[in-house]
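Next come the chains, spelled out residue by residue.
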Amino acid sequence: MKKLPTRIFGKTGKSVSVLGLGAMPMSVDGRPSEEDCLQVLKCAFELGVTFIDTADAYCLNEHEKHHNERLIEIAIERYGNPKTVFVATKGGLMRPEGRWETNGDPKHLEKTIGESYQALGGQRPIFLWQFHSPDPKFPIKESLKAARDAVEKGLVLYVGVSNFSVKQIEEAREVVDIVSVQNQYSPFHRQPENDGVLDYCEKENLVFLPWSPYGGWYRYEKLRQLSTLDRIASKHDRSVYQAVLAWLRQKSPCVLPIPGASQLETLENSMAGFDFVLSDEECEKLDQEFSVL
Ligand SMILES: NC(=O)c1ccc[n+]([C@@H]2O[C@H](COP(=O)([O-])OP(=O)(O)OC[C@H]3O[C@@H](n4cnc5c(N)ncnc54)[C@H](OP(=O)(O)O)[C@@H]3O)[C@@H](O)[C@H]2O)c1
């Protein structure tokens with residue numbers, strides 16, 4: 001397979017692969033062995049993946065916080081190149097007994113950014129630190145001060161936000177420069193097309209990272225049951241997953257999908273879709289089929 005081509009990551013000017021890898025499935029429930037996960041990451045580097053999305057909270061519970069970041073760092077040390085692999089992490093969610101809970105306390109964020117920095121090698125700034133989700137207990141401007149301070153200290157290069165509305169992105173930008181937005185976007189969840197976030201990102205040169213582009217672990221298999229999607233993908237000898245990535249990327253040049261994978265076959269299949277382009281008519285047909293999901 002040809003190596004993935006690159007694109008510019010918005011305002012940062014850095015070149016990253018046109019598809020990123022969502023590393024969450026390698027650290028949450030149902031994850032494969034550590035050695036198998038390292039082989040998946042090694043394969044990702046060989047395919048030319050240079051953008052990996054992670055979070056402090058990708059783990060089983062609070063006791064193993066930063067599990068996913070440590071895994072990625074081991075893989076980079078063994079098989080990758082720290083100068084050309086860009087890791088995007090997040091902070092602001094806790095995993096008490098495996099639950100997901102927001103924590104936007106700036107003191108907590110300061111602590112977890114420091115821990116993420118260490119987990120990712122402790123020798124170079126975090127490429128992108130994303131505030132995982134607004135916490136109603138703390139004003140966004142208060143939470144984001146921790147990110148601004150981390151940039152000033154040289155722990156973080158760029159800041160992004162996740163699960164934010166346009167109004168919330170604008171609030172964040174009053175405190176610190178924001179380069180990316182990571183919100184849920186898939187055939188099952190098309191809110192970014194209607195809530196203004198996708199248009200805003202395109203206009204403001206922010207990278208939009210659609211999370212769970214296949215609908216996540218509990219829905220990704222349903223994509224195979226969609227007859228129009230299946231017909232269009234089969235006509236081009238592609239998988240339905242590759243067709244979904246093409247559909248997302250053709251929505252806006254600011255879209256950089258981060259499909260999750262914990263197995264070699266699924267990783268290879270998704271990444272081989274980098275050159276798949278749908279016709280306008282095919283996109284419209286998919287729009288129609290997805291609109292009733
Ligand atoms: N910011 C947030 O709040 C937030 C929330 C959720 C997720 N995320 C990020 O978004 C990333 C992607 O989301 P996700 O992992 O939840 O879900 P997803 O990308 O929608 O789906 C991942 C699932 O699809 C399967 N899969 C992937 N490629 C496939 C292919 N080509 N053929 C068949 N099956 C395939 C994977 O299987 P295998 O595991 O068996 O390989 C995995 O279980 C996450 O990894 C994480 O980095 C962010």
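Residues numbered from 1 in each chain as written. Predicted model: local features only at pLDDT ≥ 70, side-chain atom pairs only at ≥ 80, totals over all residues.

Student: Can you walk me through the overall build of the protein in this structure?
Tutor: A tally of helices and strands in the protein yields eleven helices and eleven strands. Relative to the compact-globule value of 19 Å for 293 residues, the protein shows a C-alpha radius of gyration of 18 Å, a close match. Dimensions of the protein along its principal axes, counting C-alpha atoms only, are 55 × 40 × 40 Å. Sorting the 293 residues of the protein into buried and exposed places 48% on the buried side. When contacts within the protein are restricted to residue pairs at least 6 apart in sequence, those whose partners lie at least 24 apart make up 73%. (Helix = DSSP H or I, 4+ residues; strand = E, 2+ residues; numbered from the N terminus. Rg over C-alpha atoms; globule rule 2.2 N^0.38 Å. Buried ≥ 20, exposed ≤ 12 C-beta atoms within 10 Å, placed from the backbone. Contact = placed C-beta atoms within 7 Å.)

Student: Any chance you could explain helix H9 (residues 240–249) here in plain terms?
Tutor: Spacing of three or four residues puts side chains on the same side of an α-helix, whose turn is 3.6 residues. Counted residue by residue, H9 has ten buried out of ten residues, so it is predominantly covered. Every buried residue belonging to H9 is among Val240, Tyr241, Gln242, Ala243, Val244, Leu245, Ala246, Trp247, Leu248 and Arg249, and all of these are buried. Tucked into the core, H9 has its buried residues touching strand S11 (207–211), helix H8 (227–235), helix H10 (264–271) and helix H11 (280–290).

Student: So what exactly am I meant to see when it comes to the packing of helix H3 (residues 106–119) against helix H4 (residues 140–152) here?
Tutor: For any two helices packed against each other, one specifies the crossing angle of their axes together with the interaxial distance. Where H3 meets H4, the axes come as close as 8 Å, and the angle between the chain directions of the two elements is 30°. On the basis of the axis angle, H3 is roughly parallel to H4. Between H3 and H4 lies a crossing whose hand is right-handed. Each of Pro106, Leu109, Glu110 and Ile113 in H3 lies in contact with H4, whose residues at this interface are Glu142, Ser143, Lys145, Ala146, Asp149 and Ala150. The residue inventory of the contact of H3 with H4, partitioned by class, reads five nonpolar, one polar and four charged. (Axes fitted to C-alpha atoms, helices over the stretch in contact; angles between N-to-C directions. Parallel < 35°, antiparallel > 145°, perpendicular 65-115°, else oblique. Left-handed = near helix turned anticlockwise from the far one by under 90°. Nonpolar A, V, L, I, M, F, W, Y, C, P; charged D, E, K, R; others polar.)

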